[in-house]
Amino acid sequence: MNASAIAASGLRKAYKDKTVLDGVDLNVRAGTIFALLGPNGAGKTTTVNVLTTLITPDAGKAVVAGHDLAVNPKGVRAAIGVTGQFASVDNLLTGEENLLMMADLLHLPKTEGRRIAGRLLTRFDLVEAAGKQAVSYSGGMRRKLDLAMTLVGQPQIIFLDEPTTGLDPRSRRTMWEIIRELVADGMTVFLTTQYLEEADQLADRIAVLDQGRLVAEGTADELKRRVPGSHIRLRFARRHELDVAARVLPGSTRDDEELALRVPGDGGVRSLRALLDRLDAQSVDVEELSVHTPDLDDVFLALTGHDNKKVNLR
Amino acid sequence: MNAVTASLADSATMMRRNFRHTRRNPLTLLNAVIMPIFVLFLMVYVLGGGFSVGTDYVDYATPGLIIMTVGYGIGPTATGVNSDMTTGFINRLRVMDVSRAAVLNAHVIATMLRTLVAIALVVGVSFLLGFSPSADFPEWLGAIGVVVLTTLAISWLTVAAGLAAKSPEGAGILGVPLMLLPFLSSAFVPADKMGPGVREFAEYQPFTPIIEALRGFLNGTPSTGTTVTAIAWCVGLTLIGYLWARASFTKRA
């Protein structure tokens with residue numbers, strides 16, 4: 001599962017004199033969830049629109065599902081599914097009619113269309129609502145129908161642009177479970193979100209987009225480690241050991257009450273080993289060691305340097 | 001499946017969708033007929049006695065009302081097309097390789113059929129009020145031709161406006177000129193009876209030759225010059241609407 005589902009390099013897009021994408025490189029492995037995290041206006045939707053052939057980049061190239069965007073956009077379109085920022089369901093049609101319309105547009109035989117629609121309605125718990133017009137659906141149901149419509153074509157790669165924006169917490173969790181199932185079925189998911197928690201919960205890899213530029217990329221844990229403020233906390237059994245440790249580890253702050261020492265550091269294996277080696281050399285026994293990493297909120301602030309009001313922190 | 005049959009199949013699918021919309025929302029049809037029928041009553045029973053048009057007033061006003069109905073019938077198309085655009089529905093279709101032609105043609109055809117049904121209803125009411133056209137069979141065909149051409153032109157313009165507007169409300173407002181222009185044409189009063197300024201406007205705006213051409217056919221006195229002008233307007237407006245719709249569709253992702 002190490003094949004690349006999406007490989008993009010140097011994507012640029014500007015509208016008049018406003019640069020929206022300023023050289024974006026992406027690599028998404030097949031069968032994983034990739035989250036593009038960023039505040040409103042960072043360029044997330046533009047990235048999705050470029051990768052899904054809806055807009056042509058000014059520069060850069062991308063290969064999606066093995067097809068070059070510029071050379072074979074039809075091939076790309078046949079392999080992907082897109083669920084946009086707004087639930088793009090037809091309000092006046094019923095849930096089932098919406099799904100059957102997708103099947104018709106994919107030119108599936110009638111019986112197969114009906115079979116797939118039935119299966120998706122069951123899977124997304126929409127059987128009861130199947131005969132009702134989508135206008136009567138709740139926000140969560142509309143999102144589920146929206147996603148189900150995208151799945152009629154059985155895409156290899158699915159793009160979800162802010163799939164949970166505007167949903168209540170319960171519907172959001174349901175959507176998360178559904179997204180995890182998609183990957184378990186072998187799909188690749190490219191999602192955008194402005195919720196740090198969402199990226200943390202779902203994504204194998206996260207790229208942080210800010211003003212059209214990627215400011216960081218990695219797993220949630222890797223990103224957390226890149227931020228100053230991560231530290232290692234050591235707890236000792238005796239005061240004497242705390243004294244010795246505090247002396248050999250400059251920059252640390254001690255907590256006499258807890259017999260604990262807070263050492264700034266990224267918590268990586270190499271620096272941990274170095275730290276323990278120094279304590280070993282002084283024959284100091286550590287009772288308990290824990291690595292404290294900041295959450296993604298801290299990461300975002302540290303990486304973009306913006307006021308966090310621009311980010312939807314939760 | 002080759003490109004042509006695929007596009008035809010998609011057009012059929014999209015048209016089924018648009019027909020369902022009208023069926024689920026019959027108010028759109030009612031909306032289209034209420035105002036013209038109200039104006040018909042107003043003109044024929046309240047004001048009509050005051051105008052001297054040289055013929056039975058209901059015979060004079062019906063062609064104008066027919067064209068007016070076109071303007072009132074398009075509102076749902078403008079907002080519908082616009083919400084397709086703004087909610088990402090059209091993007092969904094584009095990613096599915098549904099052709100632009102299928103999406104746009106379906107909207108235009110559904111709008112035309114809805115409008116023609118509304119026109120039939122309005123004409124039906126006119127007949128009840130004493131409308132008695134003196135057209136023979138070829139003249140009826142001519143009249144129907146003018147109505148269909150006008151509806152085609154207005155439908156394309158509306159689809160284009162719906163695609164270009166920023167919001168459904170904005171799209172709705174774009175239809176207002178089409179509702180108002182017939183009042184400033186020869187629909188209810190001959191242009192030469194209007195005050196200076198308005199008269200010139202009425203004479204040169206597209207609705208006047210279109211209505212005059214239709215009136216000529218229905219009264220059994222078709223005029224070649226007016227008819228040619230009307231057809232030229234319809235073809236020109238259709239072309240503008242079509243090109244504008246195509247450009248908007250491609251430009252807005």
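Positions within a chain are numbered from 1, following the residues in the order the chain's sequence is written. Note on labels: chains are lettered from A, ligands numbered from 1, in written order. For this predicted model, a pLDDT threshold of at least 70 governs which residues receive local features, and a threshold of 80 or more governs which side-chain atom pairs are given and counted, while totals over whole chains, interfaces and linings are taken from all residues.

## Examining the overall build of chain B
Then, number 1: Secondary structure elements follow DSSP: runs of H or I no shorter than four residues count as helices, runs of E no shorter than two count as strands, and numbering proceeds from the N terminus. The number of helices and strands found in chain B is 12 helices and 0 strands.
Then, number 2: Each helix (α) and strand (β) of chain B, taken in turn from the N terminus, gives the series α-α-α-α-α-α-α-α-α-α-α-α.
Then, number 3: We compute the radius of gyration from the C-alpha atoms alone; for a globule the expected value is 2.2 Å times N to the 0.38, where N is the number of residues. For chain B, the C-alpha radius of gyration of 19 Å lies close to 18 Å, the compact-globule estimate for 253 residues.
Then, number 4: Summarising its shape, the C-alpha atoms of chain B cover approximately 60 × 40 × 35 Å along the three principal directions.
Then, number 5: Within the span of chain B, comprising 253 residues, buried residues form 46% of the whole.
Then, number 6: Once local pairs closer than 6 in sequence are excluded, the contacts in chain B between residues at least 24 apart make up 82%. Burial is judged by counting the other C-beta atoms within 10 Å of a residue's own C-beta: 20 or more makes it buried, 12 or fewer makes it exposed, and any count in between marks it as partly exposed, with every C-beta position built from the backbone. Throughout, a pair of residues is in contact if the C-beta atoms placed from their backbones lie within 7 Å.

## Notes on the pairing of strand β10 (residues 213–218) of chain A
The side chains of a regular strand alternate between both faces of the sheet.
All names here are of chain A.
Then, number 1: The rule for pairing is simple: two strands pair if DSSP sees at least two bridges between them. Where strand β9 (residues 205–210) lies against β10, 5 bridges are found, and the strand directions are antiparallel. Bridge pairing in β10 links A207 to E217.
Then, number 2: Between the antiparallel neighbours β9 and β10 lie 2 residues, among them Q211 with a positive phi of about 50°.

## Structural notes on the domain arrangement of chain A
Then, number 1: Domain boundaries shown here were taken from an automatic or database domain assignment. Split by domain assignment, chain A resolves into domain 1 (4–89 + 137–225) and domain 2 (231–292).
Then, number 2: Each of domain 1 of chain A and domain 2 of chain A has a C-alpha centre, and these two points are 42 Å apart.

## Observations concerning the interface of chain A and chain B
Then, number 1: Across the contact, 22 residues belong to chain A and 21 residues belong to chain B.
Then, number 2: The set of elements that each furnish at least two residues to the side of chain A that touches chain B consists of α2 (73–79), β6 (80–83) and α3 (95–105) of chain A.
Then, number 3: Note that Gly is not counted as nonpolar here; it falls among the polar residues with everything else outside the nonpolar set of Ala, Val, Leu, Ile, Met, Phe, Trp, Tyr, Cys and Pro and the charged set of Asp, Glu, Lys and Arg. In terms of residue class, the side of chain A that touches chain B is made up of 10 nonpolar, 8 polar and 4 charged.

## Side note on the sheet that holds strand β14 (residues 288–292) of chain A
All names here are of chain A.
Then, number 1: Overall, antiparallel pairing links the 4 strands, which are arranged β12-β13-β11-β14 in an open sheet. Of all strands in the sheet, those bounded by a partner on one side alone are β12 (253–255) and β14. Geometrically, the sheet is characterised by an average inter-axis angle of 20° between neighbouring strands, direction not taken into account.
Then, number 2: Both β12 and strand β13 (residues 260–264) contribute to a ladder of 3 bridges, which runs antiparallel. To get an axis, a line is fitted to the C-alpha atoms, and for a helix only the part in contact is used. The angle between two axes follows their N-to-C directions and goes from 0 to 180 degrees.

## Considering the nonpolar core
Then, number 1: In terms of nonpolar packing, the biggest core is built from 143 residues, with I6 and A35 of chain A together with I210 and L214 of chain B touching the most fellow members.
Then, number 2: Residue contributions to this core peak at 13 residues, all from helix α7 (residues 137–164) of chain B.
Then, number 3: Filtering out sequence-adjacent residues up to four positions away, L214 of chain B remains in contact with P63, I66, I67, A143, V146 and V147 of chain B.
Then, number 4: We call a set of buried Ala, Val, Leu, Ile, Met, Phe, Trp, Tyr and Cys residues a nonpolar core when their C-beta atoms link them within 7 Å. Of all hydrophobic cores here, the second largest spans 11 residues; its members include F236, L242, L249 and V263 of chain A.

## Some words on the packing of α3 of chain A against helix α5 (residues 139–151) of chain A
All names here are of chain A.
Then, number 1: Where α3 meets α5, the closest approach of the two axes is 9 Å, and the angle between their N-to-C directions is 25°. Of the possible angle classes, the one that applies to α3 and α5 is roughly parallel. Read as a crossing pair, α3 and α5 show a hand that is right-handed. Residue-level inspection shows G95, N98, L99 and M102 of α3 in contact with α5, the latter providing L145, A148 and M149. Small angles under 35 degrees read as roughly parallel and large ones over 145 as roughly antiparallel, with 65 to 115 read as roughly perpendicular and the rest as oblique. For any pair of crossing helices, the crossing counts as left-handed if the nearer helix is rotated counterclockwise from the farther one by less than a right angle, and right-handed if it is rotated clockwise.

## Focus on the environment of S283 of chain A
Then, number 1: Tracing the chain through its elements places S283 of chain A in the loop between α10 (269–281) and β14.
Then, number 2: Along the backbone, S283 of chain A and D204 of chain A are 79 residues apart, and their C-alpha atoms lie at a distance of 40 Å.

## Re the pairing of β9 of chain A
Residue and element names in this part refer to chain A.
Then, number 1: Judged by how many residues are buried, β9 sits mostly within the fold: 6 of 6 residues are covered.
Then, number 2: Here β9 shows no split at all, with R205, A207 and L209 on one side and I206, V208 and D210 on the other all buried.
Then, number 3: Across 4 bridges, strand β3 (residues 33–37) lies against β9 in parallel orientation. By the bridge assignment, L37 is partnered in β9 with V208.

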